[in-house]
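Residue-level listing of the chains:
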Amino acid sequence: MSEIRMNLPFHLDDDRFFRRECPFCRKEFKVLLEKEELTDLAQKGIDSFMIEAKEEAIDLNESELLGAEFTCPYCGQQAPSDSWWTKEQLAYMSIVVKNIMAKIVNENFTRPLKRTFRRLSSGMVSIRFEGKEIEQQEPWISHEVDDMEIFDLPCCKRKIKIEDNWVDVVYCFFCGFPYKHKNRETNDI
Ligand SMILES: [Zn+2]
Ligand SMILES: [Zn+2]
């Protein structure tokens, strides 16, 4: 299988936090990720749109995916790492993937294939593809706004951002450890 390398930029906010959405309660939060984690995540996201890669992932990485569960900071429910895309991120990735497909089709089928076959042995026929080029859409994702407040997770030495007005328990996204919200704590004293 051939490989296409491309840049898939996701916007981070000014503190370099990345937006996520809970697949259960649909609330948004943000996580501070290492650069490699973000690259890995983007790769998995793109893979999930590619049918072949998806089948492979189900066969080979099922146990790995099941092992890597993350917890929603708000509702505490758990899901694998690729379950936390926002609707906008999913729409963005689907356009990127469509563009890759369009690029493959356009490069392989809409140009005369004569050139490709010229050097091959006689008996090879040339094929012309009459189709129109598939138009590519500009993938667009809105700029990350600096909303939400930072919440420290000493259990994993990580940071997340949660909604400003959230006063309930906050679960660690990485290990699920429950924290009493700091604002609540201050109020109780
Ligand atoms: Zn949730
Ligand atoms: Zn933790």
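Just above, that's the structure.
Notes on the structure follow. As the structure is a prediction and not an experimental result, all values here were calculated from the model. (Residues numbered from 1 in each chain as written. Chains lettered and ligands numbered in written order. Predicted model: local features only at pLDDT ≥ 70, side-chain atom pairs only at ≥ 80, totals over all residues. Heavy atoms only, no water.)

## Thoughts on the coordination of the zinc ion (ligand 2)
- Protein coordination at the zinc ion (ligand 2): the donors are Cys 155 (SG), Cys 156 (SG), Cys 172 (SG) and Cys 175 (SG), at 2.2 to 2.3 Å from the metal.
- Classification of the site at the zinc ion (ligand 2) rests on its 4 donor atoms, whose angles at the metal span 103 to 125°, yielding the label tetrahedral.
- What makes Cys 175 partly exposed here is its relative accessible area of 42%. (Donors = N, O, S within 2.8 Å, 3.2 Å for Na, K, Ca; no water. Tetrahedral: all angles 85-135°; square planar, octahedral: opposite > 155°, others 65-115°. Buried < 20%, exposed > 50% of the residue type's maximum accessible area, 1.4 Å probe, protein only.)

## With respect to the pattern of salt bridges
- Under the definition given, this model contains 15 salt bridges.
- In this structure, Lys 161 and Asp 15 form a salt bridge, with 2.7 Å as the shortest nitrogen-oxygen distance. One end of the pair, Lys 161, is in strand E6 (residues 158-162); the other, Asp 15, is in the segment before strand E1 (17-21), with 146 residues separating them in the sequence.
- Of the residues examined, Asp 15 reaches a relative accessible area of 39% and is grouped as partly exposed.
- Taking the shortest distance from any N to any O, the salt bridge between Arg 19 and Glu 144 comes out at 2.8 Å. With a gap of 125 residues between them, Arg 19 in strand E1 and Glu 144 in the loop between helix H4 (114-117) and strand E5 (149-153) connect regions that are remote in the sequence.
- On the accessibility criterion, Arg 19 (12% relative accessible area) is buried.
- Three or more residues joined by partner-sharing salt bridges are found here, namely Asp 13, Asp 15, Arg 19, Glu 28, Lys 30, Glu 144, Asp 147 and Lys 161. (Salt bridge = Lys/Arg side-chain N within 4 Å of Asp/Glu carboxyl O. Helix = DSSP H or I, 4+ residues; strand = E, 2+ residues; numbered from the N terminus.)

## Details of the layout of surface pockets
- Put simply, the second largest pocket is a space of about 220 Å³.
- In terms of residues, the lining of the second largest pocket owes the most to one element, helix H1 (residues 35-49), which gives 4 residues.
- Class assignment of the residues belonging to the lining of the second largest pocket gives a composition of 8 nonpolar, 1 polar and 4 charged. (1 Å grid on protein atoms, 1.4 Å probe; cavity = no way out; pocket = protein on both sides within 12 Å on 5 of 7 lines; lining within 4 Å. Points joined across faces, edges and corners; volume = space filled by probe spheres on them. Nonpolar A, V, L, I, M, F, W, Y, C, P; charged D, E, K, R; others polar.)

## Regarding the pairing of E1
- Counting buried residues along E1, 5 of its 5 residues qualify, which places the element largely inside the surrounding structure.
- Bridge count for E1 against strand E2 (residues 28-32) is 5 bridges, and the pairing is antiparallel. Pairing of Phe 18 across the sheet is with Val 31, part of E2.
- Between the antiparallel neighbours E1 and E2 lie 6 residues, among them Arg 26 with a positive phi of about 65°. (Pairing = 2+ DSSP bridges.)

## Considering the sheet that holds E6
- Spatially, E1-E2-E6-E5 is the arrangement adopted by the 4 strands of the open sheet, whose pairing is antiparallel. Edge strands, defined here as strands with exactly one partner in the open sheet, are E1 and E5. The mean inter-strand angle of the sheet, taken between neighbouring strand axes irrespective of direction, is 30°.
- Here E5 runs beside E6; their pairing, made up of 5 bridges, is antiparallel. Looking across to E6, one finds that Asp 152 is bridged to Lys 159. (Axes fitted to C-alpha atoms, helices over the stretch in contact; angles between N-to-C directions.)

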